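An overview of the molecular structure
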Protein chains: 2
Amino acid sequence: MSSTAAAPAAPSAGPATTVQVYDTTLRDGAQQEGMNLSVADKLAIAALLDELGVDYIEGGWPGAIPKDTEFFARAAKELDLRHARLAAFGATCKPGALPAEDAQVRALVESEAPVVTLVAKSDVRHVERALRTTGEENLRMIGETVRHLVGLGREVVVDAEHFFDGYRFDPDYALRCVRTAFEAGAETVVLCDTNGGMLPDWVAQVVGEVRAATTGRLGMHAHNDSGCAVANTLAAVAAGAGHVQGTVNGYGERTGNADLLTCVANLQLKLDTPVLDGAGLAEASRVAHAVSEITNISPYGRQPYVGASAFAHKAGLHASAIRVDPDLYQHIDPTAVGNDMRMLVSEMAGRASIELKGRELGFDLSGRSELLGRVTQRVKDAEAQGYTFDAADASFELLLREELDGRAPRYFEVESWRTFVEHRPGRDGTVDSEATVKLRTGHGRMVSTGEGNGPVNALDHALRAALVGTYPEIEDFELIDYKVRILDTQQGTDATIRVLIETSDSVRSWSTVGVGTNIIEASWEALTEAVTWGLLHHGVEPR
Amino acid sequence: MSSTAAAPAAPSAGPATTVQVYDTTLRDGAQQEGMNLSVADKLAIAALLDELGVDYIEGGWPGAIPKDTEFFARAAKELDLRHARLAAFGATCKPGALPAEDAQVRALVESEAPVVTLVAKSDVRHVERALRTTGEENLRMIGETVRHLVGLGREVVVDAEHFFDGYRFDPDYALRCVRTAFEAGAETVVLCDTNGGMLPDWVAQVVGEVRAATTGRLGMHAHNDSGCAVANTLAAVAAGAGHVQGTVNGYGERTGNADLLTCVANLQLKLDTPVLDGAGLAEASRVAHAVSEITNISPYGRQPYVGASAFAHKAGLHASAIRVDPDLYQHIDPTAVGNDMRMLVSEMAGRASIELKGRELGFDLSGRSELLGRVTQRVKDAEAQGYTFDAADASFELLLREELDGRAPRYFEVESWRTFVEHRPGRDGTVDSEATVKLRTGHGRMVSTGEGNGPVNALDHALRAALVGTYPEIEDFELIDYKVRILDTQQGTDATIRVLIETSDSVRSWSTVGVGTNIIEASWEALTEAVTWGLLHHGVEPR
């Protein structure tokens, strides 16, 4: 809640009545395999997180990672945070050293972040084997580093690393770490399930015991190695934690961190704990997708609350009931998280789901029983041939319009096309792909040739080259995904092949499908439907 | 456990001491957006599930879905299940009708599945609004349908749909549904969180109350809409459920079902509940990946336990400590689920798994440290380019032999190849595919042209035509499966493409892999390796 971040509550005993939301996408999330964020990426994500209404944004480890040092320098000038406080992550001072003399601690201060989050070891085995010092020295390092930073006016959060494993091994030592941090002035001590192996009942027990044995705000930092990161976070809150850490889209090392948006949605929509203001949660789907765009990691369709499939229904069985009573078939109203109910047109498609799908696409088919019957039959026939419309809304819409208007929109007439791939003698390893398309528009006959990395890429280039003179709008269209599926795997290369193509105009994206025994023919069908749908939705009339 | 499936325990009160594993990948998992399984796919997945050691495999809904009717017919003849029992899913009889007169119930009996799982409504709002009948009539339908099937010798499982929402709305009615099912002879009543919105504490409370109020085996069926499917399943088991349902890779409608392998791993490795025999869980990663190949849905790297990233550590801070003391940095030993710890500078292959794989193929590599190092490096380099050897043993063997013998076996030298696909004017809908291959064997230079349904099929025909004079053995080789995967989905048709080909000589089958930005080039690589491996294993010397 806003008030919490602006003026953190004083340490209190007993279960927390408010829960702080601490985002670590930019630090722990960036440990995700394949993620590599630039400073500009980090600034853009921070701005999105602030819009969402989180209380803290952990920006990175200044001093240790040069890019993160730069992030804090630019954030101080460029970011106008309305709600969130920036946190710099770092370690306690080294064994045998004073915080004031430790370059790494100095870099935390110099980052000018108002909040400093210190990782501290709380499992005595890690202290001895990884840090190679004594338990007592580790306590000194925690206490002196916290006191030093509090003295410099920083709000200090302590991330007690490997806390749960440590507590289960030696509860007294783990508790001494927590008490030392609070006594030195830490605002919050976060209990970290660093290896991610905890289960909710274990978390509830440990947090409950620590809650009873200490005062001060406790936090939870979960990883998803047991598939329980969200549940572990909720268990910690129920046991008295007043601060939750996580990442957008659950990014993070190994199986990832707790998915922050899922945690927040559960707390706010199911447990009546208003952690973001209402408008914030309604932005959740948009922010999750925008962050995916920046990280360039494909969104996970099955992601709870914000995933593209999260409110998508396939079963024909329930379609008629869903139409009458949507609340009986969804756990929350999807608009609460900025998502939408979606009907998938599948082989179990009945008239009711076709009607619902039509409504979703902006066509009122209610009462048009004869039309619905025709469309349902066409969908079933097409699916028997291998088409699938649940992943190809644009192709479904073209089919529907054809039945509504009596004919499909025709922007061009294809005369012929060909494509070839050649590995020539004497050119070791070089393979050429080329395609030629001949077609007609109202502007005349066009013959164009394209080259590419492969036959479909060459065909895509040739088709665009043939059309761009008549329809310059297609310059904005970009083929962003191409999927191939062999439908009958018992016949090798003779089998039926389905191609799904996703096209984008940088505002929206749409999917089309093509089917044939020939992969090129199937790709051609999906390519031409993609162009047709795109032109139609740009309001272009056939020229 | 084996004994549980072979002879189900009698209904008992109190917490379950054994937990049955019930897989619904082929039925509820198939509701996943974009999934479309053929009967052959389903049979292949069922065989994998049986290897894993699950107790039940729900194959589909015979009678309602023609493909599922065929699945049960073929399964009875073709599947030799060692452990699992097949379950046919269906509904109770219709309002006002008798089970014996209900075509849908008859189809369940005719499927000859030894287990029938009946979906039954237990939320009175769904009974009235979706089923449009009375609560009493619904109870009659449940009782009579269960009794009918038990009378015909079937083991009956009842899936109590929308149970948790129903119980929280009207506990008495929901409980009457459970009791009616047990009284009619149901072996198990499964409490379903159909909308997926439950949280673990809520599940624990409801299951605990139902456990106290009834006798008989209770099960749990969870969906992941709150991100808590796994935790909800564990909470149900802790509260007395003795049967868990889920799907491989968490496939399913919306956010998916409970990920069965995660549930099983948690139960077995963390909660000392041995649900599969030990060898079964060690196959978990292989089965999860093999099922991904069949469904052609990209594996999710962050998947708990079996994901490619699940035990992957970014090198840096902890690298040396991890090497010394891996157990301090991982929640379980990854080999327990057939996975591997991985440092992210390297790819998945370790020397130990290469050595193991070699042994499986008949090569003793123990003690050949330098050779193992070379092969491991080549596999890593190839995997970085997009190759995968998990599903391409024959390609891996060729690579291994090349390192063992110093050169690859060469049956022919390729001079050039080309393929084209053409849609010509005036021949509406007809597409020609043709390929020409020029190569040399000891018998001289061969130039052959092949036609086909598509460019790869034409290339396959041309390659055989060029070789058959020299190597008549290839007449027996048949290409039986062809799979394409786009590896980088952010670049449309410019992306890297992986082709997997399975070839058979009617005695055995073998798989080869090719990778490239060009689908034809990748296919050519896999085709030529398939011929090479086949000739090698027919004991043919280069001619």
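The rules behind these values
- Residues numbered from 1 in each chain as written.
- Chains lettered and ligands numbered in written order.
- Predicted model: local features only at pLDDT ≥ 70, side-chain atom pairs only at ≥ 80, totals over all residues.
- Helix = DSSP H or I, 4+ residues; strand = E, 2+ residues; numbered from the N terminus.
- Buried ≥ 20, exposed ≤ 12 C-beta atoms within 10 Å, placed from the backbone.
- Contact = placed C-beta atoms within 7 Å.
- Pairing = 2+ DSSP bridges.
- Core = buried A, V, L, I, M, F, W, Y, C linked by C-beta atoms within 7 Å.
- Axes fitted to C-alpha atoms, helices over the stretch in contact; angles between N-to-C directions.
- Parallel < 35°, antiparallel > 145°, perpendicular 65-115°, else oblique.
- Nonpolar A, V, L, I, M, F, W, Y, C, P; charged D, E, K, R; others polar.
- Left-handed = near helix turned anticlockwise from the far one by under 90°.
- Domains from an automatic or database assignment.

Glancing now at the overall build of chain A. Secondary structure summary: chain A contains 19 helices and 16 strands in total. For chain A, the spread of C-alpha atoms along the principal axes amounts to about 80 × 65 × 45 Å. Relative to its 543 residues, chain A shows a buried fraction of 57%. Counting only contacts in chain A whose residues sit at least 6 apart along the sequence, the fraction spanning at least 24 positions is 69%.

Before going further, it helps to examine the interface of chain B and chain A. In this complex, chain B contributes 93 residues to the contact, which on the side of chain A involves 97 residues. Ranked by the residues each element gives to the side of chain B that touches chain A, the list is headed by strand β11 (residues 413–423) of chain B, at 9 residues. As paired strands, strand β11 (residues 413–423) of chain A and β11 of chain B are joined by 7 bridges and run antiparallel to one another. The residue of β11 of chain B that forms the bridge with glutamate 422 of chain A is arginine 418 of chain B.

Looking down a regular strand, the side chains alternate between one sheet face and the other. Residues and elements named next belong to chain B. The sheet contact formed by β11 and strand β12 (residues 431–441) spans 10 bridges and is antiparallel. Across the sheet, the residue bridging to glutamate 413 is arginine 440, located in β12. Linking β12 to strand β13 (residues 444–452), which pair antiparallel, is a turn of 2 residues.

Moving on, we come to the nonpolar core. In this structure, Val158 and Ala181 of chain A together with Val158 and Ala181 of chain B are the most contacted members of the largest nonpolar core, which totals 200 residues. Once residues lying within four places of it in the same chain are set aside, the contact partners of alanine 181 of chain A are Ala120, Ile142, Val146, Val158, Ala186 and Val189 of chain A. Among the nonpolar cores identified, the runner-up in size contains 101 residues, and Phe396, Val515 and Ile519 of chain A together with Leu500 of chain B belong to it.

What follows is about helix α11 (residues 260–270) of chain B. Residue and element names in this part refer to chain B. Most of α11 sits out of view: 9 of its 11 residues are buried. Buried within α11 we find Leu260, Leu261, Thr262, Cys263, Val264, Ala265, Asn266, Leu267 and Gln268. Aspartate 272 sits one or two residues past α11 and shows a positive phi near 50°.

For the rest of this paragraph, the subject is the packing of helix α15 (residues 351–360) of chain A against helix α16 (residues 369–385) of chain A. Residues and elements named next belong to chain A. Viewed as axis vectors pointing N to C, α15 and α16 meet at an angle of 100°, and their least axial separation amounts to 9 Å. As the angle between them shows, α15 and α16 are arranged roughly perpendicular. Touching Arg351, Ile354 and Glu355 of α15 are Leu372, Gly373, Val375, Thr376 and Val379, all from α16. The residue makeup of the contact of α15 with α16, split by class, is 4 nonpolar, 2 polar and 2 charged.

On to the sheet that holds strand β15 (residues 497–504) of chain A. All names here are of chain A. Ordered by their spatial adjacency, 3 strands build an open sheet running β14-β15-β16, and the pairing between neighbours is antiparallel. Sheet topology places β14 (478–486) and β16 (509–516) at the edges, where each strand pairs with a single neighbour. In this sheet, adjacent strand axes meet at a mean angle of 20° when their direction is disregarded. Sheet topology note: the β14/β15 ladder contains 8 bridges and is antiparallel. The partner of arginine 485 across the bridge, within β15, is arginine 498.

Turning next to unusual backbone geometry. One non-glycine residue, asparagine 249 of chain A, adopts positive backbone phi at about 60°. Exposure remark for asparagine 249 of chain A: the 28 C-beta atoms within 10 Å place this residue in the buried category. The phi dihedral of glutamate 112 of chain B falls on the positive side, at around 65°, and the residue is not glycine. Assignment of secondary structure puts glutamate 112 of chain B in the loop between α4 (103–110) and β4 (115–121). A count of 14 C-beta atoms within 10 Å places glutamate 112 of chain B in the partly exposed class.

Another point: the packing of helix α18 (residues 455–467) of chain B against helix α19 (residues 519–537) of chain B. Residue and element names in this part refer to chain B. Running from amino to carboxyl end, α18 crosses α19 at an angle of 35°, the nearest separation of the two axes being 10 Å. Considering the relative orientation of α18 and α19, their crossing is right-handed. Each of Pro455, Val456, Leu459, Asp460, Leu463 and Leu467 in α18 lies in contact with α19, whose residues at this interface are Ile520, Ser523, Trp524, Leu527 and Val531.

The next point concerns the domain arrangement of chain A. Residue and element names in this part refer to chain A. Assigned domains of chain A: these are domain 1 (20–295) and domain 2 (312–385). Taking only C-alpha atoms into account, the centre of domain 1 sits 43 Å from that of domain 2. Of the residues lining the interface, 8 residues belong to domain 1; the matching set on domain 2 comes to 5 residues. The class makeup of the residues in the side of domain 1 that touches domain 2 is 5 nonpolar, 1 polar and 2 charged.

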